[in-house]
Amino acid sequence: MKNLLTVRAAAEADVKAIHRLLEIYADRGVVLRRDEADIRFYLGNFTVAESGGEVCGCAAVRDFGGDLLEIRSLVVDPALQGKGIGRAMVEAIIAGLRLRRRSWRLFTLTGAPGFFAALGFRRVDRELFPEKIWSDCAKCAKNDRCDEVALMLQWPEPEADGMNSAGIGAGGCHTVSR
Ligand SMILES: CC(C)(COP(=O)(O)OP(=O)(O)OC[C@H]1O[C@@H](n2cnc3c(N)ncnc32)[C@H](O)[C@@H]1OP(=O)(O)O)[C@@H](O)C(=O)NCCC(=O)NCCS
């Protein structure tokens, strides 16, 4: 029972654990570095996975408005990768979107496209996401040699030729929440 995996909304008590996990991958240049104050401020965006009383994974959803959301700051404890924890967090986020929204487009810029493809995300042109490029990419050390690719999952599912006709980036940037 003790090591059951729980996926839940992040709480104040999780801030240090989220920070510790993100630092591991920020040091490797895999995710953007976020300090504790930033994580605390945007805590409402975070989902965490907990096992054996320890936070072992986290993910955040950034809302760009206009049905456009980004999944970011997604990491799993290096010792616990490949056990379905990342999948459990992303599936919980998707389930929440299905409950709360009639339509949504959830994208990611990632160096782990195979993981997202396994969850049904499809490759899209990263130039479709100007809000992301302008805000975070300008701050990233890899800005001019970026190896990340864009993938997206959307609801309702697009028509066969409609994946790129959803108006992504066409001025849908309202209140941005990291
Ligand atoms: C990417 C990451 C979050 C995946 O979490 P995880 O718990 O290890 O992955 P899961 O065990 O839930 O894997 C789910 C599925 O994705 C596949 N998968 C996982 N990582 C993969 C990768 N890097 N490439 C291809 N497929 C991958 C698994 O085989 C599995 O497929 P299946 O369910 O069909 O068998 C985790 O490996 C991680 O923290 N990586 C470093 C940080 C990072 O790259 N974050 C993403 C940046 S946006």
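Being a predicted model, the structure only gives us computed values, none of them experimental. (Residues numbered from 1 in each chain as written. Predicted model: local features only at pLDDT ≥ 70, side-chain atom pairs only at ≥ 80, totals over all residues.)

A. Summary view of helix α3 (residues 85-100). The terminal C-alpha atoms of α3, which comprises 16 residues, lie 23 Å apart, in line with the 22 Å expected from a rise of 1.5 Å per residue. Listed in full, the buried residues belonging to α3 are Ile85, Gly86, Met89, Val90 and Ile93. The buried residues of α3 occupy an angular sector of 135 degrees when projected down its axis, which confines them to one face. Exposed and facing more than 90 degrees away from the buried side of α3 are Ala95, Arg98 and Leu99. Those residues of α3 hidden inside the fold are in contact with β1 (5-9), β2 (46-51), β3 (54-65), β4 (68-76) and α4 (113-118). (Helix = DSSP H or I, 4+ residues; strand = E, 2+ residues; numbered from the N terminus. Expected span 1.5 Å × (residues − 1). Buried ≥ 20, exposed ≤ 12 C-beta atoms within 10 Å, placed from the backbone. Arc of directions from axis to C-beta. Contact = placed C-beta atoms within 7 Å.)

B. Main features of the site of the ligand. Neighbouring the ligand are 20 residues; Gln81, Gly86, Arg87, Gly114 and Ala118 lie closest to it. Sorting the residues of the shell around the ligand by element identifies β4, α3, β5 (104-110) and α4 as the ones contributing at least two each. When its residues are assigned to classes, the shell around the ligand shows 10 nonpolar, eight polar and two charged. (Near = placed C-beta within 6 Å. Nonpolar A, V, L, I, M, F, W, Y, C, P; charged D, E, K, R; others polar.)

C. Highlighting the confidence of the model for the protein chain. With 87% of its residues at a pLDDT of at least 70, the protein chain reaches an overall mean of 87. pLDDT under 50 marks residues 162-175. Its contacts with residues more than four places away, or in other chains, come to 28 contacts. (pLDDT = per-residue confidence, 0-100.)

D. Local environment of the pairing of β4. Counting buried positions along β4 yields nine of nine residues, so the element is predominantly enclosed. For β3 and β4, the ladder comprises seven bridges, and the chain directions are antiparallel. In the strand pairing of β4, Ala60 is matched with Arg72. Hairpin connection, β3 to β4: the antiparallel pair is bridged by two residues, and Gly66 has positive phi, about 60 degrees. For β4 and β5, the ladder comprises three bridges, and the chain directions are parallel. In the sheet register, Leu69 faces β5, and the bridge partner there is Leu106. With α3 bridging β4 and the parallel β5, this β-α-β connection has right-handed handedness. (Pairing = 2+ DSSP bridges. Right-handed = clockwise from strand over helix to strand, strands pointing away.)

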